[in-house]
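Fold and geometry: a report
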Amino acid sequence: MSEKVILHYFNARGKMESIRWLLTVAEVEFDEVYLTTRDQYLKLLDDGSLMFQQVPMVEIDGMKLVQTKAILHYIAEKYSLYGKDIKERVMINMYSEGLMDLMEMIMIHAFVSGTKAKLDDILTKAKERYLPVYEKALSGPVYLVGGKLSLADVQLLECTLMLEEKFPAILADFPNTKAFQGRMSQIPSISRFLQPGSKRKPQPDEKIKKTVMETFLTFIVIS
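Residues numbered from 1 in each chain as written. Predicted model: local features only at pLDDT ≥ 70, side-chain atom pairs only at ≥ 80, totals over all residues. Heavy atoms only, no water.

Here the focus is the environment of Glu88. With respect to the helices and strands, the residue Glu88 is situated in helix H4 (residues 86-109). On the accessibility criterion, Glu88 (12% relative accessible area) is buried. (Helix = DSSP H or I, 4+ residues; strand = E, 2+ residues; numbered from the N terminus. Buried < 20%, exposed > 50% of the residue type's maximum accessible area, 1.4 Å probe, protein only.)

Bringing the packing of helix H1 (residues 16-25) against helix H3 (residues 68-78) into the picture now. Put simply, H1 and H3 touch, their axes get as near as 10 Å, and they point 5 degrees apart. The angle between the axes of H1 and H3 places the two elements in the roughly parallel class. Listed contacts from H3 to Ser18, Ile19, Leu22 and Leu23 of H1 are Thr68, Ile71, Leu72, Ile75 and Ala76. Considered class by class, the residues forming the contact of H1 with H3 number seven nonpolar, two polar and no charged. (Axes fitted to C-alpha atoms, helices over the stretch in contact; angles between N-to-C directions. Parallel < 35°, antiparallel > 145°, perpendicular 65-115°, else oblique. Contact = heavy atoms within 4.5 Å. Nonpolar A, V, L, I, M, F, W, Y, C, P; charged D, E, K, R; others polar.)

Mapped onto the elements of the fold, Arg20 is located in helix H1. Take Arg20: its relative accessible area is 0%, and that puts it in the buried class. From its side chain, Arg20 meets the backbone oxygen of Ala12 in a polar contact 2.8 Å long. Reaching out from Arg20, the side chain makes a polar contact with the side chain of Glu32 at a distance of 2.9 Å. When near neighbours in sequence (up to four residues on either side) are disregarded, Arg20 contacts Leu7, Tyr9, Phe10, Ala12, Arg13, Phe30, Glu32, Phe193, Lys199 and Lys201. (Polar contact = N/O pair within 3.5 Å; in protein donor to acceptor, adjacent residues only side chain to side chain.)

Now for the pattern of salt bridges. Within the structure shown, the criterion is met by 18 salt bridges. A salt bridge links Lys4 to Glu29, with the shortest nitrogen-to-oxygen separation between them at 3.5 Å. Of the two residues, Lys4 sits in the segment before strand E1 (5-9) while Glu29 sits in the loop between H1 and strand E2 (30-34), which places them 25 residues apart along the sequence. For Lys4, a relative accessible area of 39% gives the class partly exposed. Taking relative accessible area as the criterion, Glu29 reaches 58% and is therefore assigned exposed. Across the salt bridge formed by Asp61 and Lys78, the nearest N and O atoms sit 2.6 Å from each other. Of this pair, Asp61 sits in the loop between strand E3 (57-60) and strand E4 (63-66) while Lys78 is found in helix H3, placing the two residues 17 residues apart along the sequence. Owing to a relative accessible area of 38%, Asp61 belongs among the partly exposed residues under this scheme. Given the relative accessible area of 37%, Lys78 is considered partly exposed. (Salt bridge = Lys/Arg side-chain N within 4 Å of Asp/Glu carboxyl O.)

Written out as structure tokens, the structure is:
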């Protein structure tokens, strides 16, 4: 039996949340080691565990993986959530990276001032740049690429739920995407993940913002 996957991050969403989502959909059990102090972070640096001095870091298959995209791609490939060939993979990557761009805007928003203007900008970009792409892609197919569940689908669900936390009616003009969200939420592993008490993290609060600031002396790494 292989060792359980271990996630090293804050007790918060940030860039680790997409990794939690993907492992959940792949039905892979994982443990978490939460960063709560700067000393913990410095120890990871001293141990050589953080290649680029950043988290998230994931222990899996005897490796210590960093860089969010690399981690996601490894998990997706290992658990058959990454398409059947190179053409499907590049489509999955394009959809995925668009979603990561949008989710990063939402993550950063929690840590910056001048929030009203930035929130308006996120709303405009979501409705005019990003959501129309997924709405069109889902005009017939059940999933985004190749008729099969992939990394891109998991991230689209994650992203739409994040958007609805900020803008509850945002999917009103995107019925295909809303229907997709409903279908995805019925997958048993996802349904469990959406229930209270799961390993899904809430929106960041002032306590976690303070922890991040004190650990890194900035908020950039979590965003």
